[in-house]
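Structural features, examined
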Amino acid sequence: MTLALAPSDRPYLPRGVRMIADNVRGGTVLLCPEKAIALDAIGEAILSRVDGSASFKEIVAGLAAAYDAPAEQISGDVQRFLAGLRTRMYLAVHP
């Protein structure tokens, strides 16, 4: 089984995992069972588009348009980020 996302996969945050504002330190964190992961601006931009209805391809296209960057480059970066979260079971996908 590969953890890479296919263009049609629709990623979502599974039960118990959510993005919240960290009012104490500022910024945004990914809150997971017994863990909080501080997100930088890039991680926040990616995860703000992860809603279970947008496909991986749509997420990449939205980021490419928002940041005026090549979709091919963004695709690799987003793939690594989301696959890393999926490895830790902080991200799931609908095929």
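About the cut-offs
Residues numbered from 1 in each chain as written. Predicted model: local features only at pLDDT ≥ 70, side-chain atom pairs only at ≥ 80, totals over all residues. Heavy atoms only, no water. Helix = DSSP H or I, 4+ residues; strand = E, 2+ residues; numbered from the N terminus. Buried < 20%, exposed > 50% of the residue type's maximum accessible area, 1.4 Å probe, protein only. Contact = heavy atoms within 4.5 Å. Areas by Shrake-Rupley, 256 points an atom, 1.4 Å probe, with all protein chains shown as cover. Lys, Arg positive; Asp, Glu negative; His and termini not counted. Charge placed at Lys NZ, Arg CZ, Asp CG, Glu CD. Expected span 1.5 Å × (residues − 1). Arc of directions from axis to C-beta. Polar contact = N/O pair within 3.5 Å; in protein donor to acceptor, adjacent residues only side chain to side chain. Pairing = 2+ DSSP bridges. Axes fitted to C-alpha atoms, helices over the stretch in contact; angles between N-to-C directions.

Regarding its fold elements, the protein chain presents three helices and five strands. For the protein chain, the succession of helices and strands along the chain, N to C, is β-β-β-β-α-α-α-β. Referenced to the eigenvectors of the C-alpha coordinate spread, the extents of the protein chain come out at roughly 35 × 30 × 20 Å. A buried classification covers 37% of the 95 residues belonging to the protein chain. Long-range contacts, defined here as pairs at least 24 residues apart, represent 58% of the contacts in the protein chain between residues at least 6 apart. Accessible area of the protein chain: about 5900 Å², with a carbon and sulfur share of 55%. Distance between charge centroids for the protein chain: 7 Å, based on 10 positive and 10 negative side chains.

In a regular helix each residue adds 1.5 Å, so 12 residues correspond to 16 Å; helix H2 (residues 56-67) covers 17 Å between its end C-alpha atoms and thus fits that length. Phe56, Ile59, Val60, Leu63 and Ala64 are the residues of H2 that are buried. In a view along the axis of H2, the buried residues occupy a sector of 130°, so they form one face of it. Of the exposed residues in H2, those oriented more than 90 degrees away from the buried face are Lys57 and Ala65. Looking one or two residues past H2, Asp68 carries a phi angle of roughly 50°, positive in sign.

Mapped onto the elements of the fold, Gln79 is located in helix H3 (residues 71-87). Among the polar contacts made by the side chain of Gln79, one reaches the main-chain amide nitrogen of Leu5 at a distance of 2.6 Å. Those residues in contact with Gln79, other than ones at most four positions away along the chain, are Ala4, Leu5 and Phe56.

This part is about H3. In a regular helix each residue adds 1.5 Å, so 17 residues correspond to 24 Å; H3 covers 23 Å between its end C-alpha atoms and thus fits that length. Every buried residue of H3 is listed here: Ile74, Val78, Gln79, Leu82, Ala83, Leu85 and Arg86. Angularly, the buried residues of H3 cover 155° about the axis, an arc narrow enough to put them on a single face. Counted as exposed and oriented over 90 degrees from the buried face of H3: Gln73, Arg80 and Thr87. Tucked into the core, H3 has its buried residues touching strand E1 (10-12), strand E3 (28-32), helix H1 (41-47), H2 and strand E5 (92-94). Positive phi appears at Met89, one or two residues downstream of H3, with a value of about 65°.

Quick look at the sheet that holds E3 now. Pairing within the open sheet is antiparallel, and its three strands lie in the order E2-E3-E4. Every other strand in the sheet has two partners, leaving strand E2 (18-21) and strand E4 (35-39) as the edge strands with one partner each. Ignoring which end each strand starts from, the neighbouring axes of this sheet average 35° apart. In the sheet, E3 pairs with E4 via five bridges, with the strands oriented antiparallel. Residue pairing across strands places Cys32 opposite Lys35, the latter belonging to E4.

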